[in-house]
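Residue-level structural notes
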Amino acid sequence: TGPMSLECLGNLLRITLSAEYFEDKYLSLFVIDQSGTAWELDEAMAAQCGYTVTHTTWRSIEFRASALSCHSHLEKGVFTVTIQIKASHTPDISNATTHLKSASCHYGPWSPRELICENNYMEVSVRSEVPQTIKDLVQDEPEDWTLVFPEAKAEEASIWQIVFHQPEEERALLVSNAWSAGYGLNTTDSRVLLRVPYTAAQVQLVEVGALLLAQQAARLCRSNQMPSLQDQGITFSVLRSSTFYKYQWVVLMVDTAVACPVDGVDYTNKTITWTVPKYIPPLSAGMTSFKDVLVEAGVDLRKLSAKEMASRKYVLLNELKAITMKIPVGAEGGYYKTSVNNGQLGVKYIINLFLEHQWEDNKWRLTKHTIIKEIETPFEQAEVAINNNLNLSARLMNVTVGTFLPDVELVNLTIEGVVVAVPEAVQHGYLIHRTRYANGSKAYVIQVPLDAPSVKKEYVREDMRAYTLNVTLTFITYPSSETFVVPVIALSAVRDAVLPSARGFCDGRNLHLIITHGNVDQNWLPFISEWHLTQEAAQKYSYILRDNGTHLTISVPFLSPHVSYEGFHTSAIKASFYLTLKDGITLAQRRDFSISCIFSPSDLIQCLPNGTVIITAIKLVGGEDLDTALLVLRDRQCKPSLVTEKTATFKFNVNTCGTSRKVNSTTMTYENEVLYFRPGNDTPIYQLKFLCMYAVKQTADVQYESKKNPPPSIKPGFGCLALSLKIFKEKSYLEPYQESEYPVVKYLRESLYFQVELLQPKDARLDLNLDDCWATNSQSQDSLPQWHILIHGCENNKDSYRTVFHKVNYSLRVKFPQHLKRFEVRMFTFVQGTSLLQE
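Parameters and conventions
Residues numbered from 1 in each chain as written. Predicted model: local features only at pLDDT ≥ 70, side-chain atom pairs only at ≥ 80, totals over all residues. Heavy atoms only, no water. Helix = DSSP H or I, 4+ residues; strand = E, 2+ residues; numbered from the N terminus. Rg over C-alpha atoms; globule rule 2.2 N^0.38 Å. Buried < 20%, exposed > 50% of the residue type's maximum accessible area, 1.4 Å probe, protein only. Contact = heavy atoms within 4.5 Å. Areas by Shrake-Rupley, 256 points an atom, 1.4 Å probe, with all protein chains shown as cover. Lys, Arg positive; Asp, Glu negative; His and termini not counted. Charge placed at Lys NZ, Arg CZ, Asp CG, Glu CD. Pairing = 2+ DSSP bridges. 1 Å grid on protein atoms, 1.4 Å probe; cavity = no way out; pocket = protein on both sides within 12 Å on 5 of 7 lines; lining within 4 Å. Points joined across faces, edges and corners; volume = space filled by probe spheres on them. Nonpolar A, V, L, I, M, F, W, Y, C, P; charged D, E, K, R; others polar. Disulfide = S-S within 2.5 Å. Patch = residues over 30% accessible without salt bridge, like charges linked within 9 Å, V, L, I, M, F, W, Y side chains within 5 Å. Salt bridge = Lys/Arg side-chain N within 4 Å of Asp/Glu carboxyl O. Domains from an automatic or database assignment. pLDDT = per-residue confidence, 0-100. Axes fitted to C-alpha atoms, helices over the stretch in contact; angles between N-to-C directions.

Going by what an unreviewed UniProt entry lists, the protein is known as ZP2 protein and is assigned to Promerops cafer.

Next up, the structure:
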């Protein structure tokens, strides 16, 4: 419990540093010797001195120490190891917290020869027995080795040198030189120890035959001879050496050969098969007999019983030729760790197997061979699950990424090309939660509002919008510090699209289209056919284009190039204007709008009092190939004076251009027509007849008698009327005062010219009549004093200068004269007694 926990495992001590306590901290590990000196542990020192440091999937750190490690204190069958850990939040280990742990474990009894194959070193310790005959012969005199062997000076008192046996040569190193080369040497009262890093220069890789025939093995038992080994087999890391040590005046030599398997692992059908040969030649020199004593196995340095192995589906085979362990991938005792290969996420299954083989032979009597083998399965690519659970009520994209193993951590996000650390993601609208599961695995939940700037919104169809979250997550693995990325592209379809809508109306001279923006048309552009309607383009054709953010208004004149005409009759002509909204990026057609209005054909003709006729002919729908410049009157010499793509305007006198005249008692009618002929054909394909009627002045005597007709009945009706009241600058009623010109300064008896107009509906059957008009001294129409300008539609008889009515005639600007009333009022002021109430 606490930051560290310990276990005694035979001749090994294990101290585990808690991941929960030391996670996200920088560590420095020291070993304390008997004098209290702290030695910082690195890879080279660990392999030389009998220490191993590994990580587990839970991100905890495991420290193991051999009973005969460099800084162990041995006393009465107990070895004691003291370690110190410095933990800090910064790489330079500043402001570190120091933890001290001292642990003692019982060891032994020792076998005459013991070999340990750790992850980072090989260790052999042998009993340093002195034969009785030598003990009897040794003279009881003071020792002075330095006089006889100067090379022994300053060396260990008990070990003189070590000799390495290699095929090409033998090499001897004194203790100090061997230590400098990375070897670990130690002696106790009864043992000599040699520790060899796998990377040592004298280590050789030797193949040991693992497939001995059963007959050879049986013959061994009968003849007490070792069988010959095949060339092909399992590779061992081998060091053949002899260690010389002195006993008083006698130099003794012991065989300190060591061998550890470096392969022998196979992966088939999701099963790990680990094979270790029993008969290892480097360890069998001088042997003439061999007998198995014990084979035990386990996981994480713990031996397992046969029942425990069966429950985990482990198989341990103790055969004549070899020992074989079979472990299903994923079985209890191992763990998965995250692995990255070429940027791809994957997993490997790790299991730390433990095998102890004891045998008897004629040379060593009993040998104990302990192999600690960390097995790692090949890389297996893994897919990352990405689930998008839309929270529609909160308008949140809720994306779960994972599951990941405990050794994975999310470090940053790439949002629209910008790398953002996890704590800063909230500033971009991202909420990130880590979900932990009971087995230690975890997933990451990313919540992003649908309206976040980095969420792409795209209109799909009808009332549907597609929201796309495109973010890249960067993860790191511990302790290997490998990184990998997971692109997250989450799509959510939401029925929240509000399409733009439109309404339109005409005012007799223009067609107006008012489009109300929705929430999907931010990048939609107005087009007339294939022509992009920009502000500059609109000004070119005297169109009005306004956008206030909520509404887009387009106004086009009745006679303009982009208005279509159809249904030409003597009483009406239908004019239509079509507008399309297109996607600003793909130019895909998104929405179509149109406005159609009925105009009077009289809008196209002016019959002036002086006998001049101005007529505008228009191209109708279906006659797109008609060239308006080729339109003529009956006299084909009369051509248009003004031509556009869709119109041709003629101006002529009624006595020219083939105009015919009809006269009756009251009117004189002039008639002509606009014609279009295909080249070489005298039959017109376009024919527009028109006429002008003028009244004939004459006097006639008419007899009549008065009859009492019943009074007309009046039925009230209800509807919406749009009216305007304007003041004009002159009697011509051409230019009204604009809002920016008010207040208008006038002097007494100067004239004001008023116009009241019915704007909607445009119905020729309606007449506008003024009933009561009055002036006040303030802007409130109900304020006093008041003065009536019109009473029941007539002038106020009490006025010194009476109101003057002005007749309204038909013109190009005035299509319905009956919808307008114009009158003139002289300026006056309100008085009280003899005082002016206002200038």
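What follows covers the overall build of the protein. Looking only at helices and strands, one finds 8 helices and 64 strands in the protein. For the protein, the C-alpha radius of gyration of 55 Å lies well beyond 28 Å, the compact-globule estimate for 839 residues. Reported as C-alpha extents along the three principal axes, the dimensions of the protein are approximately 180 × 85 × 55 Å. Counting all 839 residues of the protein, 44% fall into the buried class. Sequence-distant contacts in the protein: of pairs separated by 6 or more residues, those separated by 24 or more amount to 59%. Carbon and sulfur atoms provide 51% of the accessible area of the protein, an area that totals close to 46,300 Å². Taking the 80 positively charged and 89 negatively charged side chains of the protein as two groups, their mean positions are separated by 12 Å.

Take the pairing of strand S26 (residues 322-328) next. In terms of burial, S26 is largely enclosed, as 5 of its 7 residues are buried. In the sheet, strand S22 (residues 271-277) pairs with S26 via 7 bridges, with the strands oriented antiparallel. Within S26, the residue paired with Pro277 across the bridge is Ala322. Counting the residues in the hairpin turn of strand S25 (residues 315-318) and S26 gives 3 residues.

Its volume calculated, the largest pocket comes out at about 1,700 Å³. Where the lining of the largest pocket is concerned, the elements lending two or more residues are strand S56 (722-728), strand S57 (751-760), strand S58 (772-776) and strand S62 (820-826). Residue composition of the lining of the largest pocket, grouped by class: 26 nonpolar, 10 polar and 6 charged. In this structure, the second largest pocket spans a volume of roughly 1,000 Å³. In terms of lining, the second largest pocket is formed by 31 residues, of which the most central are Val53, Thr54, His55, Ile61 and Pro479. Where the lining of the second largest pocket is concerned, the elements lending two or more residues are strand S3 (26-32), helix H2 (43-49) and strand S5 (51-55).

As a further point, take empty space enclosed by the protein. In the structure shown here, the tally under the stated rule is 2 cavities of 30 Å³ or more. Estimates place the volume of the largest cavity at around 40 Å³. Taken together, Val276, Pro277, Lys278, Ile280, Leu355, His357, Trp359, His369 and Ile371 make up the lining of the largest cavity. Looking at the lining of the largest cavity, the elements that each hand over two or more residues are S22, strand S28 (344-361) and strand S29 (365-376). If you tally residues by element for the lining of the largest cavity, the top one is S28, at 3 residues. Partitioned by chemical class, the residues of the lining of the largest cavity number 6 nonpolar, 2 polar and 1 charged.

Below, the discussion takes up the state of the cysteines. Per the counting criterion, the structure on display carries 6 disulfides. Across the disulfide, Cys49 is cross-linked to Cys70 (sulfur-sulfur distance 2.3 Å). Its torsion about the S-S bond being -90°, the disulfide of Cys49 and Cys70 is classed as left-handed. Residue Cys49 is found in helix H2, and its partner Cys70 is found in the loop between strand S6 (61-66) and strand S7 (73-75); the two are separated by 21 residues along the sequence. Residue Cys49 is classed as buried on the basis of its relative accessible area of 3%. Looking at Cys70, the relative accessible area reads 28%, which means it is partly exposed. With its sulfur 2.0 Å from that of its partner, Cys117 forms a disulfide with Cys260. On the sign convention where negative means left-handed, the S-S torsion of about -90° between Cys117 and Cys260 marks this disulfide as left-handed. Placement of the pair is Cys117 in strand S10 (residues 113-117) and Cys260 in strand S20 (residues 258-261), with a sequence separation of 143 residues. For the residue pair Cys117 and Cys260, the accessibility class agrees, reading buried in each case. Counting only the cysteines that take part in disulfides, in the order they occur along the protein, gives the pairing 1-4, 2-3, 5-6, 7-8, 9-12, 10-11. Between Cys773, a cysteine without a disulfide, and Cys794, which holds the nearest cysteine sulfur, the sulfur-to-sulfur distance is 12 Å.

On the surface, Leu721, Leu723 and Leu766 cluster together into a nonpolar patch covering about 270 Å² of accessible area. Within the secondary structure layout, Leu723 lies in strand S56. Residue classification places Leu723 among the partly exposed residues on the basis of a relative accessible area of 48%.

Here the focus is the domain arrangement of the protein. What the domain assignment lists for the protein is domain 1 (4-109), domain 2 (124-132 + 153-220 + 230-376), domain 3 (383-494), domain 4 (501-599), domain 5 (602-695) and domain 6 (722-836). When each unit is reduced to the centre of its C-alpha atoms, the spacing between domain 1 and domain 6 is 105 Å.

Once that is clear, we can look at the confidence of the model for the protein. On average, residues of the protein carry a pLDDT of 86, and 91% of them reach 70 or more. Scored below 50 in pLDDT, residues 210-231 makes 35 contacts in the model with residues more than four places away or belonging to other chains.

All right, on to the sheet that holds strand S49 (residues 605-607) then. The strand order across the open sheet formed by 4 strands is S49-S50-S52-S51, and the pairing between neighbours is antiparallel. Of all the strands in the sheet, the pair left with one neighbour each is S49 and strand S51 (642-643). Where S49 and strand S50 (residues 612-618) come together, 3 bridges link them in antiparallel fashion. Bridging from a neighbouring strand, Cys607 pairs with Val613 of S50.

Counted residue by residue, strand S41 (residues 510-516) has 5 buried out of 7 residues, so it is predominantly covered. In terms of strand pairing, strand S40 (residues 501-506) meets S41 through 6 bridges, oriented antiparallel. Each residue of the ladder has a partner; that of Phe505, found in S41, is His512. Remark: 3 residues form the turn of the hairpin made by S40 and S41, two consecutive strands paired antiparallel; Gly508 in that turn has positive phi of roughly 95°. By the bridge criterion, 7 bridges tie S41 to strand S45 (residues 551-557) in an arrangement that is antiparallel. In the sheet register, Leu513 faces S45, and the bridge partner there is Ile554.

Taking strand neighbours across the sheet as the criterion, the 3 strands line up as S16-S17-S20 in an open arrangement whose pairing is antiparallel. The open sheet has two edge strands with one neighbour each: strand S16 (204-208) and S20. Across the sheet, the mean angle separating the axes of adjacent strands is 35° when strand polarity is ignored. The pairing of S16 with strand S17 (residues 234-239) spans 5 bridges and is classified as antiparallel. Bridged to Gln204 within S17 is Val238.

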